[in-house]
Structures are given as C-alpha cells and as structure tokens.
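Residue-level structural notes
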Amino acid sequence: FSSSKMAVSAVSRSSMRAGVSSRRSAVVVKASAESRRAVLGGLLAGVALTNSKAAFAGLGGSTPVDIIDDRKALATGFDLIYEARDLDLPQNERDGMTQARKDIEATKKRVKEAEKRIDTGLDKFVAKGYWTEAREELRRQVGTLRFDLNALASAQVKDKKKEALALKTDFIKAVENLDFSLRQKNGAAATERLAATKVALDKVIAAVV
C-alpha cells in the first residue's frame, strides 16, 4: 500500500511539473508574439514619421492647405442654406425674402420680367378660353410682384413712396377684377380688365423703377 501511495505521489508531482512547464512555455510564446507585434508597430510608425518629415521638408517646411476662393459662390446666394437652418433668424430671412429684396437692381429685374409675362402671356390664354391657365399665370406673376413693388416703393422718398403705394393698390385691385372675370369665364370682361391691369402696372412701375 505504501509503495502504491508513493507511486501516485510521484505521478502527481510529475504532472504538476509538466503543467507548470507548459504554462511557462505558453507565457513565453505569448510574450514573444506581443514583442513581435510591438516591434513591427514601432517599425511602421517610424517609417510613417520618416515619410511625413520628408513630405514636410519637400513643401519647404509648410503644411499643405487648400485655399478656395468662394466669393463667387457666395455672391450667388450659396450660403443661404445656412441661414435657412438658423432658428434664431426671422422666417423672412430664413426663406431668403429679406435678402432678395435688399438687392434693388435684382428686384427691378424681377418686376420687369413679371411685366413682360403679363403683357405677352395672358392674351393668348384669354383669347382661347384657357381660363385655368390664365388664372395660374396671373397669380404666379402677381404672387411675387406685389412684394417686389412694396420693396421698391419703400425705397422711395416720402412723397414718392406714398404715390407708389397708392398706384400699387390700384394695380392689385385691377388684378382682382381680372381674376374674377377669369373665374367667371367671361371673355369680353377678361379682355377689358386685362388691358386695365396692364395700364395700372405700367403706372406703378414708372413710379418705382
């Protein structure tokens, strides 16, 4: 029995030594792998640093910075997108209405374009009885025109401003009468009121442009 116990004890000690030895080997292998990765990482970092220094020296000691002249883009309103997202601004500014009407020359061009379309685009619709098309074209032009006329009138001196606003009111009344005739599909009345609308528009434009 004693010899058997001694044999078991010897086997246990041998197994423990083998286990410790295997664990030491694993630690050594793991440490070796980590050491190789660390060396490789340091080598790559050194190469990258050397290349960046060479590039920096090749640029005469200055960092590469792209300078883009965006003044032309800004002049066309490219930056309005940022104002549209600014919740601290009034809605008119977010929509670009205020900025658009501060440019008096651009406002005058829009007014002249609207006048041309009213003078040349509505007669054919009225003559052919295209009532829906006539109403849509009239409202499309007047929708912007009334605000542009207000902007131009406000830019006048006191006496001329009062006169321009009165003429603008007369023009809007003429437009409302024309729109009513178009809704009633009354060709004769629409033709007469279209002529009156053109006259009223000519008067207010002469006062502000």
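Every value quoted in this text rests on a predicted model; they were computed, and no experiment measured them.

About the thresholds
- Here the residue index of a chain counts from 1 through its sequence in written order.
- Per-residue local features of the predicted model are confined to residues with pLDDT of at least 70, and side-chain atom pairs are confined, for both listing and counting, to 80 or more; whole-chain, interface and lining totals are unaffected and use all residues.
- Neither water nor hydrogens contribute to the side-chain values; these are computed over all heavy atoms in the structure.
- What pLDDT conveys is the predictor's confidence in a given residue, as a value from 0 to 100.
- In this text, helices come from DSSP runs of H or I with a minimum length of four residues, and strands from runs of E with a minimum of two, each type numbered from the N-terminal end.
- In this description, contact between two residues means that some pair of their heavy atoms is separated by no more than 4.5 Å.
- Exposure classes here rest on a 1.4 Å probe applied to the protein chains alone. A residue is buried below 20% of its type maximum, exposed above 50%, and partly exposed in between.
- For this analysis, a polar contact is any N or O atom pair within 3.5 Å, provided that within protein one partner can donate a hydrogen and the other can accept it, and provided that sequence-adjacent residues contribute only side-chain to side-chain pairs.
- Salt-bridge detection follows one rule: a side-chain nitrogen of Lys or Arg within 4 Å of a carboxyl oxygen of Asp or Glu.
- Any Phe, Tyr or Trp ring, taking Trp's six-membered ring, that has another such ring centre within 6.5 Å forms a pair; planes under 30 degrees apart are called stacked, those over 60 apart edge-to-face, and the others tilted.
- We count a charge as sitting over a ring when the NZ of a lysine or the CZ of an arginine lies within 6 Å of the ring centre and within 35 degrees of the ring normal.
- Only the stretch in contact is used when a helix axis is fitted, and all axes are lines through C-alpha atoms; the angle between N-to-C directions ranges over 0 to 180 degrees.
- What makes a crossing left-handed is the near helix being turned counterclockwise from the far one by less than a right angle; a clockwise turn instead makes it right-handed.
- Gly falls in the polar group here, along with every residue not listed as nonpolar (Ala, Val, Leu, Ile, Met, Phe, Trp, Tyr, Cys, Pro) or charged (Asp, Glu, Lys, Arg).
- Under the convention used throughout, the expected extent of a helix is 1.5 Å for every residue step, that is, one less than its residue count.
- Only buried residues count toward a nonpolar core, which is a set of Ala, Val, Leu, Ile, Met, Phe, Trp, Tyr and Cys residues joined through side-chain atoms within 4.5 Å.
- Note on terminology: angles under 35 degrees are roughly parallel, angles over 145 are roughly antiparallel, angles of 65 to 115 are roughly perpendicular, and the others are oblique.

If pLDDT is low for a region, its predicted coordinates should not be looked at in detail. In this model, the protein chain carries a mean pLDDT of 77, and residues with pLDDT of at least 70 account for 64%. The lowest-confidence element of the protein chain is helix H1 (residues 2-58), averaging 52 in pLDDT; the highest-confidence one is helix H10 (residues 187-208), averaging 95. Confidence drops under a pLDDT of 50 for residues 24-29, and excluding neighbours within four residues, the segment shows zero contacts in the predicted structure.

Tracing the chain through its elements places Asp179 in helix H9 (residues 158-184). What makes Asp179 buried here is its relative accessible area of 12%. One polar contact links Asp179 to Arg139, side chain to side chain, over a distance of 2.9 Å.

Applying the stated criterion to the full structure yields nine salt bridges. Arg183 is the partner of Asp179 in a salt bridge, and the nearest nitrogen-oxygen pair spans 3.1 Å. Taken together, the residues Asp179 and Arg183, both in helix H9 and four residues apart, mark about one turn of the helix. Connected via shared salt-bridge partners are Glu113, Lys116 and Arg117.

For the coordinates displayed, the defined rule picks out zero aromatic pairs. Stacked on the ring of Phe125, the Lys or Arg Lys124 has its end atom at 5.6 Å from the ring centre.

Our focus in this paragraph is the packing of helix H6 (residues 104-121) against helix H8 (residues 131-154). At a closest axis distance of 9 Å, the pairing of H6 and H8 adopts a crossing angle of 145°. Of the two possible hands of crossing, H6 and H8 adopt the one that is left-handed. Contacts from Ile104, Thr107, Lys108, Arg110, Val111, Ala114, Arg117 and Ile118 in H6 reach Glu137, Gln141, Thr144, Leu145, Asp148, Leu149 and Leu152 in H8. Its residues placed into classes, the contact of H6 with H8 shows seven nonpolar, three polar and five charged.

Take H10 next. In this model H10 runs 32 Å from its N-terminal to its C-terminal C-alpha over 22 residues, within 8% of the 32 Å that 1.5 Å per residue would give. Looking only at H10, the buried set comprises Ala189, Ala190, Leu194, Thr197, Lys198, Ala200, Leu201, Val204, Ile205 and Val208. Packed against the buried residues of H10 are H6, helix H7 (123-128), H8 and H9. The distance from a side-chain oxygen at the start of H10 to the backbone nitrogen of Ala188 is 3.4 Å, and the residue carrying that oxygen is Asn186.

Formed by 29 residues in total, the largest nonpolar core has its most connected members in Leu138, Leu145, Leu149, Phe171, Leu182, Leu201 and Val204. Elements supplying a minimum of two residues to this core: H6, H7, H8, H9 and H10. Discounting chain neighbours no more than four positions away, the residues touching Leu149 are Val111, Lys168, Phe171, Val204 and Val208.

With that settled, the discussion passes to the packing of H6 against H10. Across the interface, H6 lies against H10 with an axial gap of 11 Å and an inter-helix angle of 160°. It follows that H6 is roughly antiparallel to H10 by the angle criterion. Every pair of crossing elements has a handedness; the one defined by H6 and H10 is left-handed. Each of Lys108, Val111, Lys112, Glu115, Ile118 and Asp119 in H6 lies in contact with H10, whose residues at this interface are Leu194, Lys198, Leu201, Asp202, Ile205 and Val208. Class assignment of the residues belonging to the contact of H6 with H10 gives a composition of six nonpolar, no polar and six charged.

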